[in-house]
Amino acid sequence: MLTSNEIDKTSIKKMKDVKHRMNEERLSFKRLHQDVIEKGICSMCYGCVGFCSANELNVLTIKDDKPTYFHEVDCLHCGICHLICPRTKDLDAALKTKFMFSQPIGHFESTRCLRTTNKEISEVCCDGGVVTSILSFLLDNKRIDGAIVSKREGLWNNKPMIATKFEDLLECAGSSLSHSASISDMGNLTTYASILGIIEGSRRLDLTKLAVVGTPCQIKTIRKMQMLRIVPSHLVYYTIGLFCFENFLLRDEGKRYLEKKIGVDLNKIRKINLKENFIITLNDGRTIHIDLEDLGPMIRPECLACPDFSNYTADLSLGGLGSPDGYTSTLVRSKSGETIINEAISQGYLKEVEVDSKRMIKTIEKMALRKRKRGEKYLT
Ligand SMILES: Cc1cc2nc3c(=O)[nH]c(=O)nc-3n(C[C@H](O)[C@H](O)[C@H](O)COP(=O)(O)OP(=O)(O)OC[C@H]3O[C@@H](n4cnc5c(N)ncnc54)[C@H](O)[C@@H]3O)c2cc1C
């Protein structure tokens, strides 16, 4: 027979066990750690840290580039971090329904082959300068008061920033993969830009309507946040998605690998572009193509677990693949995407050329299937 004191102790212990078990089973950062971070597939977007419900209590932090608990006791176990993570399958079914996803590249209203009409943009852009021209159109027409973009910092690195004027956009046109700089002594570099944290910064600037340019994982997180009505995702009016097979790391091992592969000093690289291949243009004008799956230690390992190439949740998805050099293939997915493209053309920001759209779609689908196959292998 237990005394009343002992009964209290037993029931308190039982309650604690139940609470502990509930917290273990509930979606929380602990689960995110197990499901994503420990598996090495965290995309390092830091959405979990930036949009934690208990942000003011410093529950999460970033250590050695990875999200981690700082004040675990204050964790609310609300599961927001798990739900918005681009690497979890949470909300996937809802997203697929909402954006009418069908294999392999999702829903689109039309395909367009476009280029900028602006000389300054065409001198620095990656493909057709379409992304920068669209943002310029949106700012000029006051459809947005800011754009979340990535500023080039040499050939391989970039920094997220909020562009509020044309000069800012010009600094970000092109990509960190396409501007010449000395890379032999630049340390560890990555093409991945952590843009999510900067959205929070837009609130401090009193911006109310934003466009965001991002890779599939970045746009997916924003869409998940919008689905859950997480502030400040309501400020994002337009999502401009880039095609993306993977991001790159240029650590010592990667540098050696690339140098050996191309047989040329890396400082002789003028431009790097991504289409169906990794395309290197050297200072002497020669081009070298490398298969995107043959880049060994240069591939950012976290990207191997991503199945989306064509950015199926964006309003517009863009890449060089499927268009002639100097043009950008554009999948117009939403009504608002269609409106801005048509208006940007009629106001003279963009020029369209006729291409075989079936061929363009087939080329993009082929790449999307390759990436999906690889990503799903890593996710199971
Ligand atoms: C990591 C990465 C991988 C890609 N992979 C492919 C691919 O495999 N096949 C393909 O066809 N296209 C790929 N693209 C897209 C392609 O490189 C061009 O960005 C796209 O064609 C738009 O060209 P543009 O001339 O119209 O854009 P521009 O007018 O030159 O504007 C480019 C925009 O991209 C933004 N940006 C640049 N770097 C980053 C970054 N690291 N993260 C987020 N935003 C960035 C800039 O802020 C700018 O707003 C990739 C892009 C990136 C960033």
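For clarity, every value in this text was computed on a predicted model and none was experimentally measured.

About the cut-offs
Residues numbered from 1 in each chain as written. Predicted model: local features only at pLDDT ≥ 70, side-chain atom pairs only at ≥ 80, totals over all residues. Helix = DSSP H or I, 4+ residues; strand = E, 2+ residues; numbered from the N terminus. Contact = placed C-beta atoms within 7 Å. Buried ≥ 20, exposed ≤ 12 C-beta atoms within 10 Å, placed from the backbone. Arc of directions from axis to C-beta. Near = placed C-beta within 6 Å. Nonpolar A, V, L, I, M, F, W, Y, C, P; charged D, E, K, R; others polar. Core = buried A, V, L, I, M, F, W, Y, C linked by C-beta atoms within 7 Å. Domains from an automatic or database assignment.

Quick look at the overall build of the protein chain
Now for step 1: Of regular secondary structure, the protein chain possesses 13 helices and 15 strands.
Now for step 2: Nonlocal contacts in the protein chain, meaning residues at least 24 apart in sequence, comprise 69% of its contacts between residues at least 6 apart.

Side note on helix 11 (residues 252-262)
Now for step 1: Within the sequence span of helix 11, burial applies to Gly254, Lys255 and Leu258. The buried residues of helix 11 occupy an angular sector of 100 degrees when the element is viewed end-on, so they sit on one face. Of the residues in helix 11, the exposed ones pointing more than 90 degrees away from the buried face are Asp252, Glu253 and Lys260.
Now for step 2: As for helix 11, its buried residues are in contact with strand 9 (249-250).
Now for step 3: Downstream of helix 11 by one or two residues, glycine 263 has phi in the positive range, about 65 degrees.

A word on helix 7 (residues 130-140)
Each α-helix turn comprises 3.6 residues. Residues three or four places apart therefore point the same way.
Now for step 1: Among the 11 residues that make up helix 7, 10 are buried, leaving the element largely enclosed by the rest of the structure.
Now for step 2: If you check which residues of helix 7 are buried, you get Val130, Val131, Thr132, Ser133, Ile134, Leu135, Ser136, Phe137, Leu138 and Leu139.
Now for step 3: Positive phi appears at lysine 142, one or two residues downstream of helix 7, with a value of about 55 degrees.

Considering the environment of tyrosine 69
Now for step 1: Residue position: tyrosine 69 is located in strand 2 (residues 66-69).
Now for step 2: Note on tyrosine 69: 16 C-beta atoms within 10 Å, which makes it partly exposed.
Now for step 3: Spatially, the C-alpha atoms of tyrosine 69 and asparagine 58 are 8.6 Å apart, while their sequence positions differ by 11 residues.
Now for step 4: If we ignore the near neighbours within four places in the chain, the residues touching tyrosine 69 are Phe29, Val59 and Leu60.

Quick look at the site of the ligand
Now for step 1: For the ligand, the set of nearby residues contains 33 residues, the closest of which are Cys125, Thr132, Val149, Gly319 and Leu321.
Now for step 2: Sorting the residues of the shell around the ligand by element identifies helix 7, strand 4 (146-153), strand 7 (210-214) and strand 13 (316-319) as the ones contributing at least two each.
Now for step 3: For the shell around the ligand, the leading source of residues is helix 7, giving 3 residues.
Now for step 4: For the shell around the ligand, the class distribution of residues is 16 nonpolar, 15 polar and 2 charged.

Comments concerning the nonpolar core
As a rule of thumb, soluble globular proteins bury nonpolar side chains together.
Now for step 1: Ranked by size, the top nonpolar core spans 86 residues in total, and within it Ala147 and Ile240 carry the most contacts.
Now for step 2: Element by element, the count of residues in this core is highest for helix 7, at 7 residues.
Now for step 3: A domain split of this core shows at least three residues from each of domain 1 (17-90) and domain 2 (110-379).
Now for step 4: With residues up to four places along the chain from it excluded, the contact list for isoleucine 240 reads Val131, Ile134, Ala211, Val212, Val213, Ala314, Asp315, Leu316 and Leu318.
Now for step 5: Counting residues in each nonpolar core, the second largest holds 5 residues, with Leu249, Leu250, Leu258 and Met298 among its members.

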